[in-house]
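Chain and residue survey
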Amino acid sequence: ASLATVGSPRHRGGEGLRVEEIEPESPAAKAGLKEGDVILEADGDPVKDFRGLREALGRKSPGEEMKLQIKRGDQTLEVPVTLGKAKGAEPDEAPE
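Every value quoted in this text rests on a predicted model; they were computed, and no experiment measured them. (Residues numbered from 1 in each chain as written. Predicted model: local features only at pLDDT ≥ 70, side-chain atom pairs only at ≥ 80, totals over all residues. Heavy atoms only, no water.)

Below, the discussion takes up helix α2 (residues 50-58). By the burial criterion, the buried members of α2 are G52, L53, A56 and L57. One face of α2 carries all of its buried residues, which in axial projection span an arc of 135°. More than 90 degrees from the buried face of α2, the exposed residues found are R51 and G58. Contact partners of the buried residues in α2: β2 (17-22), β3 (38-42) and β5 (65-72). One side-chain oxygen at the N-terminal end of α2 lies 3.3 Å from the backbone nitrogen of R51; it belongs to D49. (Buried < 20%, exposed > 50% of the residue type's maximum accessible area, 1.4 Å probe, protein only. Helix = DSSP H or I, 4+ residues; strand = E, 2+ residues; numbered from the N terminus. Arc of directions from axis to C-beta. Contact = heavy atoms within 4.5 Å. Polar contact = N/O pair within 3.5 Å; in protein donor to acceptor, adjacent residues only side chain to side chain.)

If you want it as structure tokens, here you go:
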């Protein structure tokens, strides 16, 4: 499953994963995530770095919803995201 974001754990504040880039029309863009948001939790599990987010995504399938807790400026928000397929993912059915 995929959000289609690029993040950096190296930001002031130390917690979470800062969103550096969002692909247009991606699940993250459709959910309203913005560059500069900091992902703090994914489905209630703390996200400290990209590996933590990747592990949370690995427990989900494309089309499932994941709730992200994000920090945007001084606000903490909960954002539901419907996940998409990861780039390079195998198709659901092999051609015959």
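For E20, the position within the fold is in strand β2. Residue class for E20 comes out partly exposed when judged on its relative accessible area of 38%. Each C-alpha atom, one on E20 and one on E35, is 5.3 Å from the other, the two residues being 15 residues apart in sequence.

The next subject is unusual backbone geometry. If you check the backbone angles, E25 has positive phi at about 65° while not being a glycine. Inspection of the secondary structure puts E25 in the loop between β2 and α1 (27-31). Overall, E25 belongs to the exposed group, its relative accessible area being 64%. Even without being glycine, D43 reaches a positive phi, approximately 55°. On the basis of relative accessible area, D43 is assigned to the partly exposed category, the value being 36%.

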